[in-house]
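Residues per chain, in single letters:
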There are 2 protein chains.
Amino acid sequence: MKQRIAFIGVGLIGGSLALAVRQAGLYDEICGFDSDLDNLQLALELGVIDDAMSSIHEILESAQLVVIATPVGVIKPVLQAIKPYWNSDCVYTDVGSTKQSVIHDLQDVFGELPANFVPGHPVAGTEQSGSGAAFAELYRNKHVILTPGQSTSESAVQRVRELWGQGAGAIVNEMPADHHDQILAATSHLPHIAAFALVNLLSKNNDDLDYSRFTAGGFKDFTRIASSDSEMWSDICLANREYLLPLLKDYQRELDHLLSCLKQGDKQQLMSRFSNARKTRQHLVGGNIDQSRNTTVETT
Amino acid sequence: MKQRIAFIGVGLIGGSLALAVRQAGLYDEICGFDSDLDNLQLALELGVIDDAMSSIHEILESAQLVVIATPVGVIKPVLQAIKPYWNSDCVYTDVGSTKQSVIHDLQDVFGELPANFVPGHPVAGTEQSGSGAAFAELYRNKHVILTPGQSTSESAVQRVRELWGQGAGAIVNEMPADHHDQILAATSHLPHIAAFALVNLLSKNNDDLDYSRFTAGGFKDFTRIASSDSEMWSDICLANREYLLPLLKDYQRELDHLLSCLKQGDKQQLMSRFSNARKTRQHLVGGNIDQSRNTTVETT
């Protein structure tokens, strides 16, 4: 029997996985569905997929593995659309940025977490989107997090492990969904909130001050994520607010502390907070500690 | 008479300007002083400077232009050290990240803003430091801000304009010092505070959660500036707290607003704040709006 993998959503994330799977020769046939017909057509022309399906039920016929590669905000309607064609011999997975919300969506739609659905999230991406930006190496040596539940079948987990590991060269991790959501709240969701908020400040005074001429590299890097898609990130932040809200309060407390150090002119406290951050980042990101602009050698 | 330029501090900033000036042939002789003797020796070996001086008074002899290329936190002691050798025929400038503080330092040391001192700040840099990292193109087409006062002589301003313009290929701007400090508070100083605070959060829970494996590109970019030198940035933030404090309060207000949107599940408000940030960044930084990781094509 021909082994067939189906992608619902062939953007950067789904398309890159499709290309990797083809390179690895993991499936005989790769088909895709996308509500953006131009993107679907492009995916076909670029050889990202072998078959472009015009409806969801078509794509589900005789697929051994279905990857839902849509933003987390639209996974529930996708689940509702595929439920009538649900195949218990098929394995399903997703790439959503939050995992408890996907599990809730599954419970809402199916009344349980189906044994053949393995929630997943690749911690990787680029600044591009669409199947035109997809490339097979996107996930190589990147981390993918799977959050199977008690009821998830081991064979289903194995098939999704194989997909990301042998198929895409990724490092596959397993952890509880709440653990995943807690980590991503800190490393991704809060940073987005912080960057969106910061850039919004600048929209207020820009007309008088014309900041635009004076935004150095540090600002560009710091705010890059503030260019992220606003609907997708509203969905992600709302989906993970259980962990995002307390973190955001901690963040404000830390800012309060720095604010009072500034008020009191407490250089020692500021330095200890700043150098703690510097050490922490080196530990988290690794490599050499890099320097900000206009770091010059002390002359006294 | 030989035209001589002298650098107090030959790190990345001073050293790069020295190399640019040499390339432009703007001065006959380039000499330097640095309290870090290894760095000074390296600058000499690399041809960043022609002469390495062992004392500040030596360097001031017969120089037509003196560039104080030290962190803002040490400019005052440098001014005190050069005051006894002050030469009214010579032009002095600095590269400090805050400008009102430098003007206050000048007033403390000289009782006024000397007519032959032109406060300056190049809005440029790299992630490196030291004369070994210096390169002549660092300032090409980058902005430099000069903040002369009422008492500053026009000929002194012209000589510093020539230094950065013809000498380094930079775009030279003039504005009041408070205007400079207001802009940099928003585009550089507050982003540093926000990044330091964010990374400090992660130091708390990292042992349980091991964030380090799951920090994607967005996190690395967002927090790069949190690797900045803690003493230099404490000095900068304290020197500019007049403008930094109200901005930090505005930032907290914006975060409060986003927090209440999250609490209330107000997706429309979140989206409008996020897309406002997205548009603002595009306006400020220019170029295409880039996408965050796992942006996939909507399938519904």
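Treat the numbers as computed from the prediction; the structure is a model and nothing was measured.

Draft legend 1. Here's a closer look at the overall build of chain A. Within chain A, the secondary structure is distributed over eleven helices and nine strands. Along the first, second and third principal axes, the C-alpha set of chain A runs to 75 × 40 × 35 Å. Burial analysis of chain A (300 residues in total) assigns 62% to the buried set. Long-range pairs, those at least 24 residues apart, make up 74% of the contacts in chain A between residues at least 6 apart in sequence. Accessible surface computed for chain A: about 10600 Å², of which carbon and sulfur atoms make up 45%. Each charge class in chain A can be summarised by its mean position, and for the 24 positive and 36 negative side chains these summaries are 9 Å apart.

Draft legend 2. Representation of the confidence of the model for chain A within the structure. All names here are of chain A. Scored by pLDDT, chain A has a mean of 89; 92% of the residues are at 70 or more. Between residues 287-300, whose pLDDT stays under 50, and residues either more than four places distant or in other chains, the model counts 67 contacts. Per the prediction output, this complex has pTM 0.85; the corresponding ipTM is 0.85.

Draft legend 3. A look at the side chain of Ser230(A). In this fold, Ser230(A) is placed in helix α9 (residues 230-239). Each residue touching Ser230(A), except ones within four places of it in the same chain, is listed here: Met271(B), Phe274(B), Ser275(B) and Arg278(B).

Draft legend 4. How the structure looks around the relation of the copies chain B and chain A. Overlaying chain B on chain A yields an RMSD of 0.0 Å, the required transformation being a rotation through 180 degrees with an accompanying axial translation of 0.0 Å. Expressed as an axis order, the relation between the two copies is that of a two-fold axis. Taking C-alpha positions as the reference, the residue of chain B nearest the rotation axis is Phe222(B), at 2.0 Å. Both copies share a contact surface, since 100% of the interface residues of chain B are interface residues in chain A too.

Draft legend 5. Spotlight on unusual backbone geometry. Residue and element names in this part refer to chain A. A positive phi angle is found at Asn141, which is not glycine, with a value near 60 degrees. Within the secondary structure, Asn141 is located in the loop between β7 (120-123) and β8 (143-146). Take Asn141: its relative accessible area is 57%, and that puts it in the exposed class.

Draft legend 6. Expanded view of the sheet that holds strand β6 (residues 117-118) of chain B. All names here are of chain B. Ordered in space as β3-β2-β1-β4-β5-β6, the six strands form an open sheet in which the pairing is parallel. Looking at strand neighbours, the two that pair on one side only are β3 (51-52) and β6, the edges of this open sheet. As paired elements, strand β5 (residues 91-94) and β6 share two bridges and run parallel to each other. Pairing of Thr93 across the sheet is with Val118, part of β6.

Draft legend 7. Representation of the pairing of strand β2 (residues 29-33) of chain A in the model. Residues and elements named next belong to chain A. Burial analysis of β2 places five of its five residues in the buried class, which makes it a mostly covered element. A two-sided burial pattern is seen for β2, the buried positions comprising Glu29, Cys31 and Phe33 on one face and Ile30 and Gly32 on the other. In the classification by handedness, the crossover that spans strand β1 (residues 4-8), the intervening helix α1 (residues 12-24) and the parallel β2 is right-handed. With two bridges connecting them, β2 and strand β3 (residues 51-52) associate as parallel partners. Bridge pairing in β3 places Cys31 opposite Asp51. For the crossover from β2 across helix α2 (residues 37-45) to β3, the handedness is right-handed.

Draft legend 8. Layout of the nonpolar core. Of all hydrophobic cores here, the largest spans 134 residues; its most connected members are Tyr251(A), Ile193(B) and Tyr251(B). Aside from chain neighbours lying at most four places away, what touches Tyr251(B) is Ala194(A), Ala197(A), Leu198(A), Leu201(A), Tyr251(A), Leu255(A), Leu190(B) and Ala194(B).

Draft legend 9. Structural detail: the packing of aromatic side chains. One pass over the structure, following the stated rule, counts nine aromatic pairs over all chains. Taking the centre distance of 6.4 Å and the plane angle of 85 degrees together, the rings of Tyr251(A) and Tyr251(B) count as edge-to-face. Separated into two different chains, Tyr251(A) in helix α10 (residues 241-264) and Tyr251(B) in helix α10 (residues 241-264) make up a pair that spans both. Pair check on accessibility: Tyr251(A) and Tyr251(B) agree, each one buried. The interplanar angle of 55 degrees and the centroid separation of 4.5 Å between the aromatic rings of Trp86(B) and Phe110(B) together place this pair among those described as tilted. Placement of the pair is Trp86(B) in the loop between α4 (75-82) and β5 and Phe110(B) in helix α5 (residues 100-110), with a sequence separation of 24 residues.

Draft legend 10. Spatial organisation of the pairing of β5(B). Residue and element names in this part refer to chain B. Neither face of β5 is open: one carries Val91 and Thr93, the other Tyr92 and Asp94, and all of them are buried. Here strand β4 (residues 65-68) pairs with β5 via four bridges, running parallel. In the sheet register, Ile68 faces β5, and the bridge partner there is Asp94. For the handedness criterion, the β-α-β arrangement of β4, α4 and β5 is classed as right-handed. Traced from β5 through α5 to β6, the parallel crossover comes out right-handed.

Cut-off values and rules
- Numbers given for residues are sequential positions, taken from 1 along each chain in its written order.
- Here chains are named by letter from A upward and ligands by number from 1 upward, in the order in which they appear as written.
- In keeping with the model being predicted, local features are shown solely for residues with a pLDDT of at least 70 and side-chain atom pairs are shown and tallied solely at 80 or more, while totals for entire chains, interfaces and linings include all residues.
- Calculated side-chain values reflect all of the structure's heavy atoms, with hydrogen atoms and water omitted.
- Segments assigned H or I by DSSP are reported as helices when at least four residues long, segments assigned E as strands when at least two residues long, and all are numbered from the N terminus.
- Using a 1.4 Å probe on the protein chains alone, a residue whose accessible area is under 20% of its type maximum counts as buried, one over 50% counts as exposed, and one in between counts as partly exposed.
- Note on definitions: a residue-residue contact is assigned when non-hydrogen atoms from the two residues lie within 4.5 Å.
- All accessibility values rest on the Shrake-Rupley procedure with a 1.4 Å probe; residue burial counts only the protein chains present in the view.
- His is not counted, nor are the chain ends; Lys and Arg add positive charge and Asp and Glu add negative charge.
- In plain terms, the charge of a residue is placed at NZ if it is Lys, CZ if Arg, CG if Asp and CD if Glu.
- Here pLDDT means the predictor's own confidence in every residue, given as a number from 0 to 100.
- Overlaid copies result from least-squares superposition on C-alpha atoms, with residues included only where pLDDT is at least 70 in both.
- Any two strands with at least two DSSP-identified bridges between them are counted as paired.
- Viewed with both strands pointing away, a crossover whose connecting path from the first strand over the helix to the second turns clockwise is right-handed.
- The criterion is simple. A nonpolar core is a set of buried Ala, Val, Leu, Ile, Met, Phe, Trp, Tyr and Cys residues joined through side-chain atoms within 4.5 Å.
- Each aromatic pair joins two rings of Phe, Tyr and Trp (for Trp, the six-membered one) with centres within 6.5 Å, and gets the label stacked for planes under 30 degrees apart, edge-to-face for over 60, and tilted for any other angle.

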